[in-house]
Amino acid sequence: MTEVEKKNNRPHRSQTKELPRVGKISGPRQSGEKSAPKPAPQRRQTRNGQGGVQTRTNQGGAQNRQNQGGQTGRQRRPQGRQQSAQQERQNLGLGTAPMTAAAQRAQQQIAARGAAAAQPKRGRGRPRKSQKPPVKVYFLGGLNEIGKNFTLYECQGDMVIVDCGLAFPDEEMLGVDLVIPDFTFVEKNREKIRGVVITHGHEDHIGAVPYLLKKLNVPVYGTALTIGLIESKLKEHNLTASAKLKVTPPGSHIKLGCFEVEFIHVNHSIADSVALALHTPAGVLVHTGDFKIDCTPEEGEMIDLCRFAELGKEGVLALLMDSTNAERPGYTQTEQTVNNSLDALFMRAEGKRIIVATFASSISRVQMIINCAVKYGRKVALSGRSMVNVMGIASELGYLDIPDGVLVDLNLINRYEPGQLVLITTGSQGEPMSALTRMAFSDHRQVAIGPGDFIILSARPIPGNEKTVGAVVDELLKQGCTVIYESMYEVHVSGHACQEELKLIHGLVKPRFFIPVHGEQKHLQKHAGLAMAMGMDRKDIFIGDIGNVLELHEDHMKQLAEVPAGSVMVDGLGVGDVGSVVLRDRKHLAEDGLIVAVCSIESETGHVAAGPDIVSRGFVYVRENEPLMEEARRVVYRALEDCANHRVRDWSDMKQSVKDELSKFLYRKTQRNPMILPIIMEV
């Protein structure tokens, strides 16, 4: 036996027994072992991994040039010496007695090195990069805020918009009706836009569609109920004739340029909700929209988890997932929970008029209320313009089943006893002009509430609306009503997935990159933490902001230069004409009021000819502060006379002098800074 063979058959250090050597056995045999028969000189047959037999031949290549057990690269091992020790034992008739763990590990290492050596070796150059194109994601809304969802995807010169929603104004936006996304970037790229795809019919996803279609007329795709709700909005803006609305059922595919968009059925608090799988040359992107996992939904089927799993097996480049409930542990409760609670409350409210406030878009919730009303022999009336519109659309499309004779006109409710009626109304978020708020403050034309009313708020306050909802509840209680809200009974469940549901979707989809969307910063950060808990690397997670642009490629994810994005305020018929300056003035007026100083000056000399007169609005009550107003007149008079004496005839300089002097005086007297508006006339 050569030195190389002896060295190659030397046992591992950790072995407690000496393994039998291949070939001649020159040492003493272990007790109990039989003499090993000398192997025949013909080709060896070894068992393959499937229990079959394969013939070992010397074909050259990497298998005959293994550098194992100290063998040098210049020396060749004899033919067939690449078998594992266990196989050699069987070939030599040495049995398969149990070996020590160390021996098994040694054999596994030898087998692994052999398999690695058998693989074709790569060249020494850089690894080849993928030839797939990148896809860009433009975040134009829906990040670090609740509502105004608006995302733009681009690949190979084609662009697709996903959702186009609005947000409701906060307390700082005085007089503003709606807030919509800034369409500046979209308008600049109008030639690339192939269509708008909508995930579901909530206002924060469809509310800005009419304003977008006024700027560029592109096709809009959505499910039947979603398109029905959009069409109702377009009627208000006189856009139905020109709009291109395409009904697309769940499970279908549409081609938009290089994008193939797939609609996947999901559960949410409104029927006909879908997630989207955007198949692009760069890879598949999954955009969940708003969703939850409800195994027993009130309407429709359970979420299509199978399709999410299939996409995960095929490979997903990026997952963009709803983060609204990322802070809430566990699972979102099923809608059946609300059904049981409503039934119990209807039984409890015997003899009283029931008023239920919920979202106008919660069709399944309204159906539950109607079912309970039928069960307990009550008539149903709808209150609120949006409630009437949405229920009309849902009934026409077959999403709402109202038995004949159950629905009555709101103007006829006085013909029925309180115990025979159920009113379904808007106002669950305490909106100032909503039906429930007007009822609470005795400002509703048809409904006057009192101690005989049993009021149910079947909704959870949206973040930021807690104060307004609380004010409405307090006012209802002052009127002697019985008020039921979420914290007391299970009269509402969320339409968004909680932590365990988010983890489940993440585990099924297995994305290369992850982007949490639809939420404030705290929601996005928490959702990113869930993804890392599922094993994702932090560098493969992107937490963005409005205006960010992200380039996704199977080899990388990188942030690009920002694009114009933000908020546009709608006030009445004006879109975008209310900006930061106008809001600042409105806030100033609301906080400190207005002082108007009116006077006339001589055209030749510049001296005061008449006045000045002081007008106060929202500052002080003039009749009770005559001495203050008289002194303010003298201050304005002195300021104008001083300008005349110094021959200051520029209008802006004269007005600024009046503002400065009057502002100093009023602050010294009242510690307030009203808006001062000088009006100077020349005679």
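What comes next concerns the included structure.

What counts as what
Residues numbered from 1 in each chain as written. Predicted model: local features only at pLDDT ≥ 70, side-chain atom pairs only at ≥ 80, totals over all residues. Heavy atoms only, no water. Buried < 20%, exposed > 50% of the residue type's maximum accessible area, 1.4 Å probe, protein only. Helix = DSSP H or I, 4+ residues; strand = E, 2+ residues; numbered from the N terminus. Pairing = 2+ DSSP bridges. Right-handed = clockwise from strand over helix to strand, strands pointing away. Axes fitted to C-alpha atoms, helices over the stretch in contact; angles between N-to-C directions. Contact = heavy atoms within 4.5 Å.

Description of the pairing of strand E16 (residues 379-383)
Burial within E16 is extensive, with 4 of its 5 residues counted as buried. For E16 and strand E17 (residues 421-425), the ladder comprises 5 bridges, and the chain directions are parallel. By the bridge assignment for E17, Val380 is matched with Val422. With helix H11 (residues 385-396) bridging E16 and its parallel neighbour E17, the resulting β-α-β unit is left-handed.

Some points on the sheet that holds strand E4 (residues 150-155)
One open sheet holds the 8 strands; their spatial order is E9-E8-E7-E5-E4-E3-E21-E22, and the pairing between them is mixed. Of all the strands in the sheet, the pair left with one neighbour each is strand E9 (245-247) and strand E22 (556-560). Across the sheet, the mean angle separating the axes of adjacent strands is 25° when strand polarity is ignored. In this sheet, strand E8 (residues 220-222) lies alongside strand E7 (residues 193-197) in parallel orientation, the contact comprising 2 bridges. Residue pairing for E8: Val197 is matched across the bridge by Tyr221. Those strands touched by helix H7 (residues 224-236) are E8 and E9, and its axis lies near 160° from that of E9.

Details of the sheet that holds strand E13 (residues 283-287)
Taken in spatial order, the 6 strands of this open sheet run E10-E11-E12-E13-E14-E20, and their pairing is mixed. At either margin of the open sheet sits one strand with a lone partner, and together these are strand E10 (253-256) and strand E20 (511-517). Strand after strand, the sheet turns through a mean of 20° between neighbouring axes, direction not considered. Relative to strand E12 (residues 274-280), strand E11 (residues 259-265) runs antiparallel, the two being bridged by 6 bridges. Bridging across to E12, Phe263 finds its partner in Leu276. Across the sheet, helix H8 (residues 305-314) touches E11, E12, E13 and strand E14 (316-322), and the angle it forms with E11 is around 140°. Across the face of the sheet, helix H15 (residues 521-533) comes into contact with E14 and E20 while running at roughly 155° to E20.

A look at the environment of Ser323
With respect to the element layout, Ser323 can be found in the loop between E14 and helix H9 (336-348). The buried category is assigned to Ser323, whose relative accessible area is 0%. Considered as a pair, Ser323 and Pro516 are 193 residues apart in the sequence and their alpha carbons are 6.0 Å apart. Excluding its chain neighbours within four sequence positions, the residues that come into contact with Ser323 are Pro516, Val517, His518, His523, Leu524 and His527.

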